[in-house]
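Structural description and commentary
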Amino acid sequence: MTNKPNILIIYTGGTIGMVKDYKTNALKAFDFSQIVQNIPELQQLNCNIESISFKEPIDSSNMNTQYYVDIVEVIEANYTKFDGFVILTGSDTMSYISSAVSFMLENLQKPIIFTGSQLPIGDLRTDAKENLITSIEIASVRKQNQPLIKEVCLYFEYKLYRANRTTKISAEQFEAFASMNYPALAESGVHLKFDEAQLLKIKENKDLTVRKKLVTDVVILKLFPGITKATVEAILSIQNLKGVVLESYGSGNAPNETWFINQLEKAIKKGIKIVNVTQCAGGSVILGHYDTSIKLKNIGIISGLDMTTESAIAKLMYLLNEDLSLEVFKYHFQKSLRGEVSEK
Ligand code: ASP
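Here goes a summary of the coordinates provided. (Residues numbered from 1 in each chain as written. Predicted model: local features only at pLDDT ≥ 70, side-chain atom pairs only at ≥ 80, totals over all residues. Heavy atoms only, no water.)

Strand pairs in the sheet, formed through backbone hydrogen bonds, run parallel or antiparallel to each other. Overall, mixed pairing links the 8 strands, which are arranged β4-β1-β5-β7-β10-β11-β14-β15 in an open sheet. Edge strands, defined here as strands with exactly one partner in the open sheet, are β4 (48-53) and β15 (192-194). Strand-to-strand, the axes of this sheet are offset by a mean angle of 20°, without reference to chain direction. Sheet analysis places strand β1 (residues 6-11) next to strand β5 (residues 84-88), joined by 5 bridges and oriented parallel. The residue of β5 that forms the bridge with I10 is I87. Lying over the sheet, helix α4 (residues 128-140) contacts β1, β4, β5, β7 (112-115), β10 (152-156), β11 (159-162), β14 (186-188) and β15, oriented at roughly 155° with respect to β5. (Pairing = 2+ DSSP bridges. Helix = DSSP H or I, 4+ residues; strand = E, 2+ residues; numbered from the N terminus. Axes fitted to C-alpha atoms, helices over the stretch in contact; angles between N-to-C directions. Contact = heavy atoms within 4.5 Å.)

What follows covers the site of the ligand. Inspection of the region around the ligand gives G14, T15, D59, S60, G90, S91, D92 and S117 as its neighbouring residues. At 3.3 Å from an oxygen atom of the ligand is found a main-chain nitrogen or oxygen belonging to S117. Classifying every residue of the shell around the ligand gives no nonpolar, 6 polar and 2 charged. (Near = heavy atom within 4 Å. Polar contact = N/O pair within 3.5 Å; in protein donor to acceptor, adjacent residues only side chain to side chain. Nonpolar A, V, L, I, M, F, W, Y, C, P; charged D, E, K, R; others polar.)

Before going further, it helps to spend a moment on the packing of aromatic side chains. As enumerated under the stated definition, the model contains 7 aromatic pairs in all. Judged by centre distance (5.8 Å) and plane angle (25°), the ring pair of F103 and Y318 falls under stacked. Of the two residues, F103 sits in helix α3 (residues 94-104) while Y318 sits in helix α8 (residues 309-319), which places them 215 residues apart along the sequence. Of the residues examined, Y318 reaches a relative accessible area of 11% and is grouped as buried. Taking NZ or CZ as reference, K315 lies 5.2 Å from the ring centre of F333, over its face. (Phe/Tyr/Trp six-rings, centres within 6.5 Å; stacked < 30°, edge-to-face > 60°. Buried < 20%, exposed > 50% of the residue type's maximum accessible area, 1.4 Å probe, protein only. Lys NZ or Arg CZ within 6 Å of the ring centre and 35° of its normal.)

With 14 residues, helix α2 (residues 65-78) extends 20 Å between its outermost C-alpha atoms, agreeing within 8% with the 20 Å of an ideal straight helix rising 1.5 Å per residue. Taken residue by residue, α2 has T65, Y68, V69, I71, V72, V74, I75 and N78 as its buried positions. (Expected span 1.5 Å × (residues − 1).)

Where α2 meets α3, the axes come as close as 10 Å, and the angle between the chain directions of the two elements is 55°. Taken together, the axes of α2 and α3 lie oblique to each other. When you trace α2 past α3, the crossing you get is right-handed. Listed contacts from α3 to Y68, V69, I71 and V72 of α2 are Y96, I97, A100, V101 and M104. Taken together, the residues of the contact of α2 with α3 sort by class into 9 nonpolar, no polar and no charged. (Parallel < 35°, antiparallel > 145°, perpendicular 65-115°, else oblique. Left-handed = near helix turned anticlockwise from the far one by under 90°.)

Further remarks concern the pattern of salt bridges. By the definition in use, this model includes 15 salt bridges. The shortest N-O distance in the salt bridge between D92 and K168 comes to 2.7 Å. Within this pair, whereas D92 is found in the loop between β5 and α3, its partner K168 is found in strand β12 (residues 167-168), the two being separated by 76 residues in sequence. For D92, a relative accessible area of 44% corresponds to the partly exposed category. A relative accessible area of 22% means that K168 is categorised as partly exposed. K315 is the salt-bridge partner of E340, the closest N and O atoms lying 2.5 Å from each other. Within this pair, whereas E340 is found in the segment after α9 (326-334), its partner K315 is found in helix α8, the two being separated by 25 residues in sequence. A residue is classified by how much of its surface remains accessible, and E340, at 0% relative accessible area, is buried. A relative accessible area of 0% places K315 in the buried class. (Salt bridge = Lys/Arg side-chain N within 4 Å of Asp/Glu carboxyl O.)

Take the nonpolar core next. Counting 54 residues, the largest nonpolar core has I75, I112, F329 and F333 as its most contacted members. Every residue in contact with I112, bar those within four places of it in the chain, is listed here: I75, F85, I87, L105, E151, V152 and C153. Grouped together as the second largest cluster of nonpolar side chains are 33 residues, I16, L42, C47 and I133 included. (Core = buried A, V, L, I, M, F, W, Y, C linked by side-chain atoms within 4.5 Å.)

Here we come to the state of the cysteines. By definition, a disulfide links two cysteine residues through a covalent bond between their sulfur atoms. Scanning all chains against the criterion turns up 0 disulfides. Unpaired in terms of disulfides, C47 finds its nearest cysteine sulfur in C153, a separation of 16 Å. (Disulfide = S-S within 2.5 Å.)

Bear in mind that shape data such as this cannot, by itself, settle questions of function.
Structure below.
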C-alpha cells in the first residue's frame, strides 16, 4: 500500500498516441498498456499510473456521443479506485468532447484532465511528453488530503483551462487552445502555479451522478451576410429538430429582416429551443444591446451569454433530454452548471 495518488490514463486516439516506425517512416499506434515502460520519465512522478486504451483508437473527427458515453463509463467504473483521470483524445474535437463530459459528470469530486498533442509522442520535437507528464502531475495534486481540482479541465502547452471554456484555435501552433472568457486555471513554468480562486468550488458533497442521455437532434446555424431564406428554412425544418445554436454576430446580432425573424419564431413555436452565442472568439451575447437583437429577444431566443459554441451545443444536448418549458429551459441554460458561463 502506498499513499501515492492513483491516476488512470484513458487513451481514445489522436496524434498523441502515435510513434514513428523508423524503418518505414510511417506513424503507427503506440501501445498504451506499456506507457510507463515506454516513457521512463513517468516513473519519476509521485503517483501510480495505470492506463486503458480504446479497442480501436480513433481520430477525434470521428467522435460522436456514443464515444462520450464510452468515456464516462470508463470513469464511472474506475471512479472509486482512482484519484484522478487523464484522458487522451485528438485535439480537433477535444473542446467539444471535454465540454460534453463536463456536463455528463454531475457532482464530480476528482480531476479529469483532457490532453493530446500536435506532434506524435514518438516524434523528436513532440509536445506530447510535456502535455502528458504535466497533466498527470496536475491530476495528482492534493490539498488537505483532497484533490485540488474537482472539475473537467484541458491541459495544453503549459496552460490548464476549464475544458468547457476552451476552443481549438490553431492547427499549427503548439499553443492550440484558448479560453477567451475565463482565465487559465494553472500555468506550468518552473513551478506549477494554480489560480485557486478560479477553480470550480463544489457546494455539496454528493455522490457522482453520471448522465448518459444526450439529444443529438441539434444543429449549429452559423450566420453569414447573404444567408438565404431557403437555407434557414431548410435547416429549421430538419425532421425532429429540437435545438439550435445560433452563431450570431458581435454581441448577439442577426438580420432583423422579417423573413428571418418569422422563421425563427415559427421554429420556437414548434418547441425548438434556439440559443444565441457569438461568432466572436471572446465576449458575450447581450440581447437587446443593439436594435438587431431586440427582435431575437422578443421571440424567445435564449442568450448563451459568454458560452463557447462547443459548450453551448453540449449543454443543449444535455438539457434537451428533459422536456422543459421554454422558461425553465432558459433558466437552466443560462445558469452555470459546471462553470461554463459567467452568470449575469
Ligand atoms: N486529427 C487529430 C485528432 O483530432 C489531431 C490531433 O490528434 O490533435 O484526432
